[in-house]
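# Working through the structure, step by step
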Amino acid sequence: MAGLTRADVEHVAYLARLGLTEAELDRLEGQLNHILDQYAKLAELDTSAIPPTAQTIELENILRDDVVTPSLAVADVLGNAPARSGDFVVVPPILGGDAS
Amino acid sequence: MSAASTGTTRLFGHEMAERLRSGEVSCRGLVTDALEFAERQNHALNAWLVIDRERALADADVADRRLAEARRAGAWAIESLHPLLGLPVGLKDLVSVRGGQCTAGSRILEGYRAPYDAHITERLRGAGAVILGKTNMDEFAMGSSTEHSAYGPTSNPWDLDRVPGGSSGGSAAAVAAYHVPFGIGTDTGGSIRQPGALTGIVGLKPTYGRVSRYGIVAFASSLDQIGPLARDVRDAAALLHAVAGRDERDSTSAPIPVPDDLIRLPASDDEAGTWLEGKRFGLPKEYFVAGMEPGVEAAVRAAVGAIEAAGATVDEVSLPHTDYGLATYYIVAPAEASANLARYDGVRYGHSVRLEGGDFIADYLATRGGGFGAEVKRRIMLGTYALSAGYYDAFYLKAQKVRTLIKRDFDLVFERGFDALVAPTSPSVAFRFGARMADPVAMYLSDACTLPVNIAGLPGVSIPCGLSEGLPVGLQLIGPAWSEAPLLRAARAYEGITADAPWRGVEPAGLAAADIPATPTPAERVAAGAH
């Protein structure tokens, strides 16, 4: 199985939105490749005719009754927000300076 | 330490319940003893992240009033009290308790206050149980030693230089050290059973879907399950009975009845043991893995001998895909974790970094890079890679197919009529701090005997079966889906036939040192070992 290069590790970290230090990237390159080597064992098995299992109990299409129930109090939910303005959570700008 | 000075802490939960009903002890008395031990020994053990003295005593007084009312009303009112009324319990710090912290062992949830109670918190409060506090754990339940907690490691009460296992190591240590008779853990790959084994107590992972996970911090949603830790099987069964069952707020909790047999396990050891006559057990040969410690294998083989001597048959069976469990698990679990942990973005709650310049991606990178620990980052990286474009079929889909094969192994064996499988819980006894921290794969192998059970969604229980080099060994019993009642009946039977074994009643050797204020903290032990 092809190994992860340093550039791959940096790319995956970016996809995962993990800001990693140079030292962390160095360590992860070795560790992730060591773990990926273990994955190679699965290639020994012919699974072409085997269906995947996503969950182990046969529950399907579980829907709740369509009735109105109380939601959490706004104060309780907003109490954890790092930045708020009135009854709103302040989020970082996502459209950039020019668009605002 | 003299027996008198341990107060009520050595009682089992069911013994505490009897004494509460007779009026021999008060709940305030029980909880005061529990608090005294937990507070005094936490310096040396770091089993607890929160000990909520005020709330626990207030809840104890409520329980005492209910007990007094019931005694006035008569025998029927005493009979109808919940089995857990007034009994102290510790919750792993990923169970939401409204208004309290819920860190999941992570810096990224530092300062977060749960806005609601978890389903199991509601159930325990409804039962009148007293929540003593929140226990330490590997960050987001990722680990087998509790060394991956952002709040420092936990010591094993049997040897303070060793880990209690993980990820539910805090609950296991608190129960093994007699702080509380009941602990709640979660088990994604062995995180209840392995620490149960390493601390010499009972730990049950129920069938996937048995207990609602509403209000529990998620790790890997197709594997996670909540379960009990206790010092005997009857207590573990009673705690499961109290929290199990369908809850519409968790669509994966199953509408399967919870049998009352769980609270009717025989009190008599002799009666319990006779159940084994004529029962059939399978011994999966693949679970005696390479690298298993000889002392562990000897204790497990001796347990098998005792089960046979009690009139059961034990036949060797094969679960041929066992060896593929580790790779399957370490694709499925990190993949699901990488999705579940995407929610920690520093916007709505938790650790948050807002940099100058208004680049929201930079904010995410800083928030998550600073908030997560090394093991969590490793798993997020593995999961993100395994799910990324071009690799999904090779990793995640492949692992899901092998998952089918592993599940079929169990199905085929149980179709042959075995009542349960017997196996080791962990290939080793409790290991020293630092022993597996440098090599993630060595740490992952700690769960080689437990994680196939999660992959297949089955119930498994670890019960003490002896000592190796003075440290506890766990015997794992594995049953078909929804078989908790007979599985715990089997575990109770094993407890019955080994009631007089010399290793029963041996107290954890580290407790005397844990009582002394000058004893180093677990973090200090780790630092000393690193030099």
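Residues numbered from 1 in each chain as written. Chains lettered and ligands numbered in written order. Predicted model: local features only at pLDDT ≥ 70, side-chain atom pairs only at ≥ 80, totals over all residues.

A word on the overall build of chain A. The number of helices and strands found in chain A is 4 helices and 2 strands. Traced from its N-terminal end to its C-terminal end, chain A shows the element sequence α-α-α-β-β-α. At 23 Å, chain A has a C-alpha radius of gyration far larger than the 13 Å of a compact globule built from 100 residues. Projected onto its principal axes, the C-alpha positions of chain A cover 55 × 45 × 25 Å. Burial status across chain A gives 15% buried among its 100 residues. (Helix = DSSP H or I, 4+ residues; strand = E, 2+ residues; numbered from the N terminus. Rg over C-alpha atoms; globule rule 2.2 N^0.38 Å. Buried ≥ 20, exposed ≤ 12 C-beta atoms within 10 Å, placed from the backbone.)

Another point: the interface of chain A and chain B. Contact residues are listed per partner, giving 43 residues for chain A and 56 residues for chain B. Mapped by element, the contributors of at least two residues to the side of chain A that touches chain B are α1 (6-15), α2 (22-39) and α3 (74-78) of chain A. Among the elements that take part in the side of chain A that touches chain B, α2(A) stands out by supplying 7 residues, more than any other. Looking at the side of chain A that touches chain B residue by residue, the class counts come to 28 nonpolar, 11 polar and 4 charged. (Contact = placed C-beta atoms within 7 Å. Nonpolar A, V, L, I, M, F, W, Y, C, P; charged D, E, K, R; others polar.)

Turning next to the pairing of strand β5 (residues 202-205) of chain B. Sheet faces and side chains relate simply in a regular strand, where the side chains alternate between the two faces. Residue and element names in this part refer to chain B. The alternating pattern of β5 places V202 and L204 on one face and G203 and K205 on the opposite face, and all of these are buried. Pairing of β5 with strand β10 (residues 460-468) involves 3 bridges; the strand directions are antiparallel. In the strand pairing of β10, K205 is matched with G460. (Pairing = 2+ DSSP bridges.)

By way of backbone hydrogen bonds, the strands of a sheet pair with one another, either parallel or antiparallel. All names here are of chain B. The sheet built from 11 strands is open, its strands ordered β1-β3-β2-β4-β6-β5-β10-β11-β9-β7-β8 with mixed pairing. Every interior strand has two partners, whereas the edge strands, β1 (48-51) and β8 (313-317), have only one. Going across the sheet, the axis of each strand differs from the next one's by a mean of 30°, ignoring polarity. Along the sheet, helix α10 (residues 294-309) contacts β7 (280-284), β8, β9 (420-424), β10 and β11 (471-478); its crossing angle with β10, the most-contacted strand, is approximately 110°. (Axes fitted to C-alpha atoms, helices over the stretch in contact; angles between N-to-C directions.)

You'll often see interface size given as the accessible area lost when the parts meet. Residues and elements named next belong to chain B. Here chain B is described as being made up of domain 1 (8-321 + 405-530) and domain 2 (322-400). If you look at the interface, domain 1 gives 33 residues, while domain 2 gives 25 residues. Among the elements that make up the side of domain 1 that touches domain 2, the one with the highest residue count is helix α16 (residues 451-456) (3 residues). The residue makeup of the side of domain 1 that touches domain 2, split by class, is 21 nonpolar, 8 polar and 4 charged. (Domains from an automatic or database assignment.)

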